[in-house]
Amino acid sequence: MLARSMVALVFAVVAGLPASVAVAQNDTPGDPAIAEERDGKYFDADGTPTFKFENGQVDWYTFSGYRRYHAACHVCHGPDGLGSSYAPALAHSLEHLDYANFLAVVAGGRENVSSSQKNVMPSFGTNPNVMCYIDDIYIYLRARAQGDLPRGRPPKKEKKPDSFMKAENDCLGT
């Protein structure tokens, strides 16, 4: 399902459509158990980025996600992904929102309208401070959604992989 969702997302973006309409909204994340590790980044059996949290230490990507979430997302979605009076708790949303849908919402934005309120998530698809770290943010929120990662700054982290620094420089054009 992830491959079809990503094709739909790419098609929507290329066609100039809102990315959030490209992907079905009922896919749920799979088992976050680590099935593979590549250059310090962990993936589940479906190939979706996931987290590692052992003995109070997180992987680098989870730590980076914590930092990036609190730099770009917590103003609306609250500290530690717990929500606010006007934006949902992403730590709870990721219990039901898969990777492809998460990417689509962040890249394309979303508008939820009911009879009592209108919630708008702006598009961050052109913001490199979000999109260059989108996997990291997803990994952090996935760990929070699973209940494995406690609130606050992770006290210990793995070393930053060289592959992370290369990907960051390539994405940011530095």
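Preceding this section is the structure that the text describes.
Model, not experiment: these values are computed from the prediction. (Residues numbered from 1 in each chain as written. Predicted model: local features only at pLDDT ≥ 70, side-chain atom pairs only at ≥ 80, totals over all residues. Heavy atoms only, no water.)

A. Seen up close, unusual backbone geometry. Here Asn55, not a glycine, exhibits a phi torsion of approximately 50°, which is positive. Relative to the assigned elements, Asn55 resides in the loop between strand E4 (53–54) and strand E5 (57–58). Unusually for a residue other than glycine, Asp80 sits at a positive phi of about 60°. Mapped onto the elements, Asp80 comes out in the loop between helix H3 (74–77) and helix H4 (90–93). By relative accessible area, which is 6% here, Asp80 ends up buried. (Helix = DSSP H or I, 4+ residues; strand = E, 2+ residues; numbered from the N terminus. Buried < 20%, exposed > 50% of the residue type's maximum accessible area, 1.4 Å probe, protein only.)

B. Just the state of the cysteines, in detail. Taken as a whole and assessed by the stated rule, the structure comprises one disulfide. Sulfur-sulfur distance for the disulfide between Cys132 and Cys171 comes to 1.9 Å. Measuring the twist about the S-S bond at about -85°, one finds the Cys132-Cys171 disulfide to be left-handed. On the criterion of sequence distance, the pair formed by Cys132 in the loop between helix H6 (128–131) and helix H7 (134–146) and Cys171 in helix H8 (residues 162–172) is long-range, its members being 39 residues apart. Lacking any disulfide linkage, Cys73 is separated from the closest cysteine sulfur, that of Cys76, by 8.7 Å. Judged by its relative accessible area of 35%, Cys76 is partly exposed. (Disulfide = S-S within 2.5 Å.)

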